[in-house]
Amino acid sequence: MVIAVVLQTAALVIVVALLAAAGAGKLARMDGATYPAALTRAATAFVAVVTLATAVTAALTALFT
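Criteria and cut-off values
Residues numbered from 1 in each chain as written. Predicted model: local features only at pLDDT ≥ 70, side-chain atom pairs only at ≥ 80, totals over all residues. Heavy atoms only, no water. Helix = DSSP H or I, 4+ residues; strand = E, 2+ residues; numbered from the N terminus. Buried < 20%, exposed > 50% of the residue type's maximum accessible area, 1.4 Å probe, protein only. Areas by Shrake-Rupley, 256 points an atom, 1.4 Å probe, with all protein chains shown as cover. Phe/Tyr/Trp six-rings, centres within 6.5 Å; stacked < 30°, edge-to-face > 60°. Lys NZ or Arg CZ within 6 Å of the ring centre and 35° of its normal. Axes fitted to C-alpha atoms, helices over the stretch in contact; angles between N-to-C directions. Parallel < 35°, antiparallel > 145°, perpendicular 65-115°, else oblique. Left-handed = near helix turned anticlockwise from the far one by under 90°. Contact = heavy atoms within 4.5 Å. Expected span 1.5 Å × (residues − 1). 1 Å grid on protein atoms, 1.4 Å probe; cavity = no way out; pocket = protein on both sides within 12 Å on 5 of 7 lines; lining within 4 Å. Points joined across faces, edges and corners; volume = space filled by probe spheres on them. Nonpolar A, V, L, I, M, F, W, Y, C, P; charged D, E, K, R; others polar.

It is worth spelling out the overall build of the protein at this point. When you go through the protein residue by residue, the secondary structure sums to two helices and zero strands. Along the longest, intermediate and shortest principal axes, the C-alpha atoms of the protein span 45 × 20 × 15 Å. Each of the 65 residues in the protein was classed as buried or not, and the buried ones make up 12%. As displayed, the protein has an accessible area near 5000 Å², and 79% of this comes from carbon and sulfur atoms.

Bringing the environment of Val-47 into the picture now. One can find Val-47 in helix 2 (residues 35-64). Remark: the alpha-carbon pair of Val-47 and Leu-60, spanning 13 residues in sequence, is separated by 20 Å.

Let us now look at the packing of aromatic side chains. On inspection of all chains with the given rule, the structure shows zero aromatic pairs. The ring of Tyr-35 is capped by Arg-29, whose NZ or CZ atom sits 3.8 Å from the centre of that ring.

Helix packing for two helices is described by the angle between their axes and how far apart those axes are. One can describe the packing of helix 1 (residues 2-30) onto helix 2 by two numbers: an axis separation of 8 Å at closest approach and a directional angle of 150 degrees. Judged by the angle between their axes, helix 1 and helix 2 are roughly antiparallel. Read as a crossing pair, helix 1 and helix 2 show a hand that is right-handed. Contact residues: helix 1 offers Val-13, Ile-14, Val-16, Ala-17, Leu-18, Ala-20, Ala-21, Ala-24, Gly-25, Ala-28 and Arg-29, while helix 2 offers Tyr-35, Ala-38, Arg-41, Ala-42, Ala-45, Phe-46, Val-49, Val-50 and Ala-53.

The next point concerns helix 2. Between its first and last C-alpha atoms helix 2 spans 44 Å; for 30 residues at 1.5 Å apiece the expected length is 44 Å, and the two agree. Buried residues of helix 2: Ala-38, Ala-42 and Ala-45, and no others. Against the buried residues of helix 2 lie helix 1.

Here the largest pocket defines a volume of roughly 160 Å³. Broken down by secondary-structure element, the contributors of at least two residues to the lining of the largest pocket are helix 1 and helix 2. A per-element tally of the lining of the largest pocket places helix 1 first, with five residues. Among the residues making up the lining of the largest pocket, the classes are represented as five nonpolar, two polar and no charged.

Shape is all these values report; function is a separate question.
This is the structure:
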């Protein structure tokens with residue numbers, strides 16, 4: 001049961017990170033950025049969401065153990 005929750009949470013984090021990256025890339029293109037610049041901004045947003053999820057997980061683990 002625990003593994004299912006972990007996998008579902010990981011999938012949700014990946015989906016949210018992809019949506020944030022797509023939004024950042026689209027906004028960058030609408031702002032007039034080149035494709036490489038938009039891809040860089042999208043990658044930065046993806047990494048930021050995954051890093052935030054990792055930090056929240058570490059904080060919650062430290063809090064409840």
